[in-house]
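Fold and geometry: a report
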Amino acid sequence: MATVISNPNFSPASHKGILLMLGAAFFFALTSALSKWLGKEFHIVQLVFFRNIVGVVFIWSSIRKRPFEQKGGGKLGLLIFRGVVGTLSLYLLFYAIQTLGLGRASTYQYTYPIFLALFSWLLIGETLNGKEWAAIFMGFAGILLVFRPDLSLLWRDNVLGLGSALLTAVSYLSIRQLGWVYDSRAIILSFMLSGIVLPIFSMLIGTYYPQEGLDFLIGTFKWPYTTWQWLGFLAIGLTALAGQKMLTQSFTYDKAGRVATVGYSNILFSSILGFIMGEAIPSVSMIAGMVLIVAGGVLVSISKTKQSPAASTTND
């Protein structure tokens, strides 16, 4: 009789964690694809508004059923800061999707672990090991290969695409501090409420004081006029919420480093969806850059031996 040798590193729970993260990556890619479709008719700040207003309804329902866990609190300013920075990151991500395409925008977005490791060293004095430094240099080499602005892609658009990852890294760095003193749903709620309030101000300013040079921050509101558009706005909120739920659950089933590496499948899903929506196939240099960025991010993830509070509360 053959003996079945099981791999102790991949238990049923590990497989479930990996599948959940794959699901999260797919739903986040679907959110991005929906934003690209809706962005042809509506400004990106309106997309951010609807993405978050749908999420708030469900988060508020969860809070009513199960009140916040009582922790220390006392960092309201940092909580608000996290919400604002996370919202601005979402502005830039949706803008990059419109100007750069799904594949390139997603690749830039997933450079955030590289910047997070660097900021952790610069701002809070964390020690980086050799693998993490190698990952940082690998990631920046990948960025240079993906960046390569040509006549059809402006430097400004590429920089704004990278800006989304920079702000995401800053946002996640604040989550590390907030996770000790606030319920994770309070952190998510602060982000979503900011994602409602800031777009309202952006649309008011855009209506009365339009600024062409700040089109990635300021826009106008336009009523959806078809059933498909209303369904699209509902779907953009629901897919983001589904992705967030799966992402959060995935970290409870397996090691944070291993699960986080699976999240890079978002780049593949986004590139495939982009191709289906008419985007060009990535060039050889861009694919090489993607590989370096993913490799750098994976190296950062697996080099972490302890799971940070951010692991269970990331949501951009």
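Right above here is the structure, for reference.
Since the structure is predicted, the reported quantities are computational estimates derived from the model, not experimental observations.

Turning to the packing of aromatic side chains, a few remarks are in order. Under the counting rule described, the total for this entry stands at 17 aromatic pairs. An angle of 65° between the planes, with centres 6.1 Å apart, marks the rings of Tyr95 and Phe216 as edge-to-face. Residue Tyr95 is located in helix H3 (residues 76–100), and its partner Phe216 is located in the loop between helix H8 (184–208) and helix H9 (227–250); the two are separated by 121 residues in the primary sequence. Tyr95 gets classed as buried once you look at its relative accessible area, which sits at 7%. Ring plane angle 85° and centroid distance 5.0 Å describe the contact between Tyr112 and Tyr172, whose orientation is recorded as edge-to-face. Taken together, the residues span a long stretch of sequence, with Tyr112 in helix H5 (residues 112–124) and Tyr172 in helix H7 (residues 155–178) at a distance of 60 residues. Comparing Tyr112 with Tyr172, the two get one shared label, buried. An aromatic cluster is present here, built from Phe42, Phe49, Phe50, Phe221, Trp223, Trp230 and Phe233 joined pairwise through their rings. The lysine or arginine in question, Lys222, covers the ring of Phe42, its NZ or CZ lying 5.5 Å from the ring centre.

Along the polypeptide, Gln229 turns up in helix H9. Under the relative-accessibility criterion, Gln229 is labelled buried at 7%.

The subject of this paragraph is the nonpolar core. Formed by 59 residues in total, the largest nonpolar core has its most connected members in Leu47, Phe94, Phe115, Tyr182 and Met192. When residues in this core are grouped by element, the largest group, 9 residues, is from helix H2 (residues 44–65). If near-sequence neighbours (up to four positions away) are discounted, Met192 is found in contact with Asn52, Gly55, Val56, Ile59 and Leu241. Of all hydrophobic cores here, the second largest spans 8 residues; its members include Ala117, Leu118, Leu128 and Ile136.

Rules used in this analysis
- Residues numbered from 1 in each chain as written.
- Predicted model: local features only at pLDDT ≥ 70, side-chain atom pairs only at ≥ 80, totals over all residues.
- Heavy atoms only, no water.
- Phe/Tyr/Trp six-rings, centres within 6.5 Å; stacked < 30°, edge-to-face > 60°.
- Helix = DSSP H or I, 4+ residues; strand = E, 2+ residues; numbered from the N terminus.
- Buried < 20%, exposed > 50% of the residue type's maximum accessible area, 1.4 Å probe, protein only.
- Lys NZ or Arg CZ within 6 Å of the ring centre and 35° of its normal.
- Core = buried A, V, L, I, M, F, W, Y, C linked by side-chain atoms within 4.5 Å.
- Contact = heavy atoms within 4.5 Å.

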